[in-house]
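Residue-level structure breakdown
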Amino acid sequence: MIHVENLSKFYGAIPAIQEVSFSIQQGEITGFLGPNGAGKTTTMRILTGFMPATSGKASVAGFDVFNQSLEVRKRIGYLPEDVPLYRDMDVTSFLQFVAEVKGVAKAQKTAQVDAAIERCGIQGVRRRLIGHLSKGFRQRVGLAQALIGEPDVLILDEPTTGLDPAQIIEIRELIKELAKEKTIILSTHILPEVSMICQKVIILNRGKIVAVDTTENLTSRMQKSSRVLMEVDGPVDDVQKALREVPGVLGVEQLEQISDQIFRYQIDSEKDQDVRRQLAAATANHHWGLLELRTAEMSLEDVFVQLVTEEQAIAEG
C-alpha cells in the first residue's frame, strides 16, 4: 500500500530526513515515533504531496507520490497536528466545502458528509460553528474531513494532542474502528497509545530510520535481561542484599517507598531465566512480607529511549 525508498529531504545543507525506507501493507496501523525534529512530520508531508522530497522514491496504492500526486492525494486522508478548520463555518458546511475541494461528485457529497459525521460521532454539533466547539469535537471534525473522499489511507499527526483523558480514549476508539477498513499511519508522543493501537512501529531519530518492527519483536530484541517487580515489607538494605545474592540476579533497584518498611524493587536477571521462586524463598527465609511478585516486560517507552540513545551515541562517537 505504501512504499518508501531512500527518501531524503534537505533544507539547504541541513537534512530533515536521510535515506528513509519502509513499507506499510494494506490494513496495517503503523506508529510513527521519534523525538521532536526527527523527521516524522516531514515524511508525512512528502507522502501527502504537501512538499517535495530532495531525492528518493515513494508510492501510495501503486501511484508515484511525485509523478502522480493527484492520484495519491485522492487516496489519502490527512489530519495534520494543527487541524485545518474554518472556525466561522458550521460543521456541515465545512465538510461540504471539503467534499467539493476534494472533487467528490455532487450526487455523493451529501451521503459522504453524513457518513463522516456519523462515523466521527458529531451528529449533535453538525449545525454549530466550529469556533464554538470543544477541542475534542474540533479534533473529531478534523478526522471527519480526513474521511471525506473515502481514502484508503489515513495519516494522523498527533491526533490526541491537547485532549483530556476522556477525549483521548474517545479518539483512540475511533481510530481503532477506522482501522478495520483503512491503512493508518499514526504519529504520536503518547507511547502507550501506540502499544494499544499499532501493529507495527517505525522509529526515526535525526532524520534516519532507527527501527521498523512490531512492538513485540522490538521488545524481545532489545530486552537484554528478564525483569521482575517485587513489593517487600522488610528493612530496605537487608532486602536488597538478600535479593542480590540470589543466583542469576544481575541487579536490584529500589523503585519507590510505599510506606514505612514497604518498598517496591526491580530485579533484573539473566535473560530467559525465571528467578521468581528463588526470590520468594529469599523473602520467606527472612520472614519478610512479600506483597507483590510479577514479571515485567520492557515497555515501548524503554525500547524507544534505548534505541534513540544508542543511535545518538553512535552518531556522536
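A few points on the structure. (Residues numbered from 1 in each chain as written. Predicted model: local features only at pLDDT ≥ 70, side-chain atom pairs only at ≥ 80, totals over all residues. Heavy atoms only, no water.)

1. Points about the sheet that holds strand β14 (residues 289–295)
For sheets, the rule is that strands pair by backbone hydrogen bonds, running either parallel or antiparallel. Here is the rule we go by: Two strands form a pair only when DSSP identifies at least two bridges running between them. In DSSP terms, a helix is any run of H or I states spanning at least four residues, a strand is any run of E spanning at least two, and both are numbered starting from the N terminus. A fitted line through C-alpha atoms represents every axis, and for helices the fit uses only the stretch in contact; the resulting angles, taken between N-to-C directions, go from 0 to 180 degrees. Throughout, a contact is declared for two residues whenever any of their heavy atoms are within 4.5 Å.
Ordered by their spatial adjacency, four strands build an open sheet running β12-β13-β11-β14, and the pairing between neighbours is antiparallel. Each end of this open sheet is capped by a strand with a single partner; those strands are β12 (249–259) and β14. Ignoring strand direction, the axes of neighbouring strands in this sheet form an average angle of 20°. Two strands pair when backbone bridges link them, and strand β11 (residues 225–233) and strand β13 (residues 262–270) are joined in this way by nine bridges, in the antiparallel orientation. Residue pairing in the sheet places valine 232 in a bridge with phenylalanine 263 of β13. Sheet contacts for helix α9 (residues 236–244): β11, β12 and β13; angle to β12, the most-contacted strand, approximately 155°. Lying on the sheet, helix α10 (residues 276–285) is in contact with β11, β12, β13 and β14; it crosses β14 at an angle near 170°.

2. So, the pattern of salt bridges
Where we set the bar: Think of a salt bridge as a Lys or Arg side-chain nitrogen and an Asp or Glu carboxyl oxygen that are within 4 Å of each other. Each residue gets one of three labels from its accessible area relative to the maximum for its type: buried under 20%, exposed over 50%, partly exposed in between, using a 1.4 Å probe on protein chains only.
As enumerated under the stated definition, the model contains 16 salt bridges in all. Measuring nitrogen to oxygen at the nearest pair gives 2.8 Å for the salt bridge that ties glutamate 245 to lysine 241. The pair glutamate 245 / lysine 241 is uniform in exposure class, with both members exposed. One connected set of salt bridges, linked through shared partners, spans Glu231, Glu256, Arg264, Glu292 and Arg294.

3. Digging into the packing of aromatic side chains
Test applied: Classification of ring pairs uses Phe, Tyr and Trp, with its six-membered ring standing for Trp, and accepts pairs whose centres are within 6.5 Å; under 30 degrees between planes counts as stacked, over 60 as edge-to-face, and the remaining range as tilted.
According to the stated counting rule, one finds four aromatic pairs in the structure shown. Look at tyrosine 86 and phenylalanine 97: their rings are 5.7 Å apart centre to centre, the planes differ by 70°, and that puts the pair in the edge-to-face class. Of this pair, tyrosine 86 sits in the loop between β6 (76–79) and α3 (91–101) while phenylalanine 97 sits in helix α3, and the two are eleven residues apart along the sequence. Taking the relative accessible area as the measure of exposure, tyrosine 86 reaches 45% and is therefore partly exposed. Three or more aromatic residues joined by ring pairs make a cluster, and in this case those are Tyr86, Phe94 and Phe97.

4. Describing the packing of α3 against helix α5 (residues 135–147)
Threshold: Each angle is binned into one of four classes, with values under 35 degrees roughly parallel, values over 145 roughly antiparallel, values of 65 to 115 roughly perpendicular, and all other values oblique. With the far helix as reference, a near helix turned anticlockwise by less than a right angle produces a left-handed crossing, and one turned clockwise produces a right-handed crossing.
Closest axis-to-axis distance for the α3/α5 pair is 9 Å, and the angle between their directions is 30°. If you check the angle between α3 and α5, you find them roughly parallel. In terms of crossing hand, the pair formed by α3 and α5 is right-handed. For the pair α3 and α5, the contacting residues are Val91, Phe94, Leu95 and Val98 in the first and Val141, Ala144 and Gln145 in the second.

5. Some points on the pairing of strand β4 (residues 55–60)
In the sheet, strand β1 (residues 2–11) pairs with β4 via five bridges, with the strands oriented antiparallel. Across the sheet, valine 4 pairs through a bridge with alanine 58, a residue of β4. Strand direction decides the pairing type here: β4 and strand β5 (residues 63–64), joined by two bridges, are antiparallel. Following the sheet pairing, valine 60 is matched in β5 by phenylalanine 63. In sequence, β4 turns back onto β5 through a hairpin of two residues, with alanine 61 there showing a positive phi of about 55°.

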